[in-house]
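What the coordinates show
Here's the letter readout for the chains.
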Amino acid sequence: MLASCFEMTNLRNQESGLPYDIWLYSAGCTRNTQDNVMRIKVGVGDELIPVIIASQRDIRPLRPFRRENEIISWASDNYDTLFKHWNGELSDRQALNLLSKD
């Protein structure tokens, strides 16, 4: 868990207005993984649940969780920012500023 925290940046629920904290992969598309699909993680209790973002209309949590539709809707609404961050066009700070509710 600690290793993945260093590779991710956190959007706290107080900043986003969402029911859960959101974790973004800082390395985005440069992550060295087999399936390089855009994703975020959602902090639900003690778990980080991956949410696959294949397109603006195809957003799927890998496991169901309460109020997941709010996260799916938010990810769809913020697709452009998430996509630019994933592709390295936005820094963590720029993305967090754009994704915050203020």
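Only a predicted model underlies this, so the values are computations on that prediction, with no experimental measurement involved. (Residues numbered from 1 in each chain as written. Predicted model: local features only at pLDDT ≥ 70, side-chain atom pairs only at ≥ 80, totals over all residues. Heavy atoms only, no water.)

This brings us to the environment of Ser55. Mapped onto the secondary structure, Ser55 falls in strand 4 (residues 47–55). A residue is classified by how much of its surface remains accessible, and Ser55, at 27% relative accessible area, is partly exposed. Put simply, Ser55 and Glu70 are 15 residues apart on the chain and 17 Å apart in space, counted from C-alpha to C-alpha. Separated by 3.1 Å, the side chain of Ser55 and the backbone nitrogen of Asp58 make a polar contact. (Helix = DSSP H or I, 4+ residues; strand = E, 2+ residues; numbered from the N terminus. Buried < 20%, exposed > 50% of the residue type's maximum accessible area, 1.4 Å probe, protein only. Polar contact = N/O pair within 3.5 Å; in protein donor to acceptor, adjacent residues only side chain to side chain.)

To continue, consider the pairing of strand 3 (residues 39–44). Of all 6 residues in strand 3, 6 are buried; the element is thus mostly enclosed. Across the two faces of strand 3 the burial is the same, with Arg39, Lys41 and Gly43 and Ile40, Val42 and Val44 all buried. Bridge count for strand 2 (residues 21–25) against strand 3 is 4 bridges, and the pairing is antiparallel. Along strand 3, the bridge assignment pairs Asp21 with Gly43. Pairing geometry for strand 3 and strand 4, over 6 bridges, is antiparallel. In the sheet register, Lys41 faces strand 4, and the bridge partner there is Pro50. (Pairing = 2+ DSSP bridges.)

Position of Cys29 among the secondary structure elements: in the loop between strand 2 and strand 3. For Cys29 and Phe83, which are 54 residues apart along the polypeptide, the C-alpha to C-alpha distance reads 9.6 Å. With residues near it in sequence (within four places) discarded, Cys29 still touches Asn36, Trp86 and Asn87. (Contact = heavy atoms within 4.5 Å.)

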